[in-house]
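# Report on the structure
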Amino acid sequence: MGSNSSRIGDLPKNEYLKKLSGTESVSENDPFWNQLLSFSFPAPTSSTELKLLEEATISVCRSLVINNPRTGNLGALIKVFLSRTKELKLSAECQNHIFIWQTHNALFIICCLLKVFICEMSEEELQLHFTYEEKSPGSYSSDSEDLLEELLCCLMQLITDIPLLDITYEISVEAVSTMVVFLSCQLFHKEVLRQSISHKYLMRGRCLPYTSKLVKTLLYNFIRQEKPPPPGAHVLSQQSDGGGLLYGLASGVATGLWTVFTLGGVGSKAAATPELSSPLANQSLLLLLVLANLTDAADAPNPYRQAIMSFKNTQDSSPFPSSIPHAFQINFNSLYTALCEQQTSDQATLLLYTLLHQNSNVRTYMLARTDMENLVLPILEILYHVEERNSHHVYMALIILLILTEDDGFNRSIHEVILKNITWYSERVLTEISLGSLLILVVIRTIQYNMTRTRDKYLHTNCLAALANMSAQFRSLHQYAAQRIISLFSLLSKKHNKVLEQATQSLRGSLSSNDVPLPDYAQDLNVIEEVIRMMLEIINSCLTNSLHHNPNLVYALLYKRDLFEQFRTHPSFQDIMQNIDLVITFFSSRLLQAGAELSVERVLEIIKQGAVALPKDRLKEARSLKDTGLCWASILRKEVLVTFLSKFPQTQNDLCKSLTVKVAPRPLLSSWSFLSRKDKNQVFLIRQEIPENEQSSRALFSNAYF
């Protein structure tokens, strides 16, 4: 590096890097720094080139790790950067390209070194490298400033205060990326960090006052989606539109962090990395999510999560309660538009989930929108292309639907929104359909895809929960949506009969051989019967609450009436079959009275007339399906322990606390009966590990799970 452009292959021999990492101390006032920082580096454009860069610089970085405790050159470099940032705002106003360019290069080197330091050493050792201060012989240590805290505060100021111009775009991206790299300490620890340096500096001390301003700035960076300046518009002309070399470094780190707090995706394919139009928006979103998902400190809650939970609309003039810290206001209309447009990325979907779940102001605003189709359609498209998405993206989309469908107003309004020509739905041409009917079609398609392909035992439960939440407000169902509801029941019925036949044959075979273990067909039958019962509950809820609004569903029910015959006398379904059997019998008799060879139009007319004539008191009142334990809030904690704690072992006290929290890195929704034997055994074993003297903890655990 230096005044000439550098190539990756030349880096191990570069004299300036050798001096930086060598045994000689370099004063922060040495002209060496101007020479070191005057480089123009071609950014890697692929993961292969990025790996080559890391391999080429690892010897230099490790040399600095060894020598820095004696030389303090890392601290000198940071002080050079800190001194330059004090004039950065003025330099931006004066269009001082050279000064900003060198400041950017200083931050670039710091981040590259920080990434290696975090990989190579513990947090305690890392802090020692940042607190080094050269002392003259015979002098005594005074209260020296903590360079790491100073650096973090400086980065926060740079992100929030420096105006976003063509010449400052790259350094803004690098500032955000450096914070992402700093927070990557969690990647190198199996346990959840609660006393890390991130807690020490970001949740208290000098960084704390920047909380609300930082969260607000990161949100606005995401909202604005500012594109990088074209080549030649800024001094770093050799860097690509992809956001610079450091962006590549931090993106790799952020991907790892993303895997940590989503628990990956078991059996899912890796998400394809799309070409990013706004590196600053993407990095800001990643940093925001990492900050929001930091665990609470031992003595203080996460202030960044508090800020995300409490911010309000700029049009809301009501005062903030004094009990809410780190509050601010933001334009909800702009935020809503950005969220609608960016749902192709799983990061944006996680942000939407986080806001809907944790910020009541955002949830109320979104549910009151009259253009909900702009938000719901991208979510449905994620589910429709389930085979192209990784599992945590699909789960987040499903949970968003579960949250939305808990609102009765939403369930009513989506059937009033009429859509035309849904081009991405390829199974059938839909020239005109309501948003509610389209939602039903996509969810049912997801269930059927899961039954034949992935066979995720949780996925169909979540889908059925969304349908259950909506069922009482089904209105004017499209004929194709009504057909698909009955077709799904038909598929489940066939599967039930098949498993029942296998169980019968297996039982007969066991009579001649006592040594052969029997497959657990009973458990399979229980699972299928629970799903069938849920489907019957959904149909029953619709017939009971909105029979006269859904002639197409009654038509489909009558057309496939033979499907329900076997369940009339089944002990598990007799109670719920009463209403369905009554509707089938009532309308069948009216059709018989009308004569044979009726047209579709005539049948629908008879159904509409019959719906008015059928006394409502003849139908048994259906129970609310939101009380069945399938809605997301009430069943979330039943399985999150098995999944979450298998990845992040916690202390026993933290275990008990986690049971009361409704959000998890990768929420998996299921009822207790859907857990495998292995998972159930794991839950019992964990319960036994809670000391007997902690009676409240054992009681809390038992109440949550059994």
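Residues numbered from 1 in each chain as written. Predicted model: local features only at pLDDT ≥ 70, side-chain atom pairs only at ≥ 80, totals over all residues. Heavy atoms only, no water.

### Considering the overall build of the chain
The helix and strand tally for the chain stands at 31 helices and four strands. Each of the 706 residues in the chain was classed as buried or not, and the buried ones make up 55%. For the chain, the proportion of contacts with a sequence separation of at least 24, taken over those separated by at least 6, is 76%. Approximately 31,600 Å² of the chain is accessible, and the part contributed by carbon and sulfur atoms is 50%. (Helix = DSSP H or I, 4+ residues; strand = E, 2+ residues; numbered from the N terminus. Buried < 20%, exposed > 50% of the residue type's maximum accessible area, 1.4 Å probe, protein only. Contact = heavy atoms within 4.5 Å. Areas by Shrake-Rupley, 256 points an atom, 1.4 Å probe, with all protein chains shown as cover.)

### Comments concerning the environment of L492
Tracing the backbone through its elements, the reader meets L492 in helix α23 (residues 479-510). We classify L492 as buried; its relative accessible area is 5%. Here the alpha-carbon distance between L492 and E529, two residues 37 residues apart in the chain, equals 8.7 Å. Ignoring any residue separated from it by four or fewer positions in sequence, one finds L492 in contact with M451, I528, V531, I532 and M535.

### Comments concerning the pattern of salt bridges
Taken as a whole and judged by the stated rule, the model has 14 salt bridges. In this structure, R62 and E120 form a salt bridge, with 3.3 Å as the shortest nitrogen-oxygen distance. With a gap of 58 residues between them, R62 in helix α3 (residues 47-71) and E120 in helix α6 (residues 97-120) connect regions that are remote in the sequence. In this structure, the salt-bridge partner of D371 is R369, at a minimum N-O distance of 2.9 Å. Among the residues examined, R369 registers a relative accessible area of 19% and is labelled buried. (Salt bridge = Lys/Arg side-chain N within 4 Å of Asp/Glu carboxyl O.)

### A short note on the side chain of H570
Locating H570 in the fold gives a position in the loop between α25 (551-559) and α26 (574-594). Look past the residues within four positions of H570 in its chain and what remains in contact with it is H496 and E529.

### With respect to the environment of D408
With respect to the helices and strands, the residue D408 is situated in helix α20 (residues 408-413). Each C-alpha atom of the pair D408 and A472 lies 8.9 Å from the other, and the pair is 64 residues apart in sequence.

### Quick notes on the environment of G72
Here G72 is to be found in the loop between α3 and α4 (73-85). On the basis of relative accessibility, which here comes to 8%, the residue G72 falls in the buried class. For G72 and T23, which are 49 residues apart along the polypeptide, the C-alpha to C-alpha distance reads 9.7 Å.

### With respect to unusual backbone geometry
With the exception of glycine, the majority of residues adopt a negative phi angle, and the majority of peptide bonds are in the trans configuration. Located in the positive-phi region is H326, a residue other than glycine, with phi close to 60°. The residue H326 is located in the loop between β1 (312-313) and β2 (329-330) in this model. Despite not being glycine, S476 shows a phi value in the positive range, around 45°. Within the element layout of this structure, S476 appears in the loop between α22 (459-471) and α23. Taking relative accessible area as the criterion, S476 reaches 52% and is therefore assigned exposed.

### A few points about α6
Over its 24 residues, α6 extends 35 Å from the first C-alpha to the last, a length consistent with the 34 Å expected when each residue adds 1.5 Å. By the criterion of burial, α6 is predominantly enclosed, with 20 of the 24 residues buried. (Expected span 1.5 Å × (residues − 1).)

### Section: the packing of helix α16 (residues 346-358) against helix α19 (residues 391-405)
Between α16 and α19, the shortest axis-to-axis distance is 9 Å and the interhelical angle comes to 30°. By the angle between their axes, α16 is roughly parallel relative to α19. As for how α16 packs across α19, the hand of that crossing is left-handed. Residues D346, T349, L350, L352, Y353, L356 and H357 of α16 lie in contact with α19, whose contacting residues are H392, H393, M396, A397, I399, I400, I403 and L404. (Axes fitted to C-alpha atoms, helices over the stretch in contact; angles between N-to-C directions. Parallel < 35°, antiparallel > 145°, perpendicular 65-115°, else oblique. Left-handed = near helix turned anticlockwise from the far one by under 90°.)

### Re the nonpolar core
Formed by 206 residues in total, the largest nonpolar core has its most connected members in F81, Y425, L438, I485 and F564. For this core, the leading source of residues is α6, giving 13 residues. Apart from residues lying up to four places away in sequence, F81 is in contact with T103, A106, L107, I110, L151, C154, L155 and L158. (Core = buried A, V, L, I, M, F, W, Y, C linked by side-chain atoms within 4.5 Å.)

### Regarding α19
Over its 15 residues, α19 runs 21 Å from end to end, which matches the ideal 21 Å to within 8%, given 1.5 Å per residue. Most of α19 sits inside the fold, with 15 of its 15 residues counted as buried.

### Some thoughts on the confidence of the model for the chain
Do not read the predicted coordinates in detail wherever pLDDT is low. On average, residues of the chain carry a pLDDT of 79, and 76% of them reach 70 or more. Below pLDDT 50 for its whole length, residues 235-274 participates in 113 contacts with residues either more than four positions away or in separate chains. pLDDT under 50 marks residues 694-706. Its contacts with residues more than four places away, or in other chains, come to 34 contacts. (pLDDT = per-residue confidence, 0-100.)

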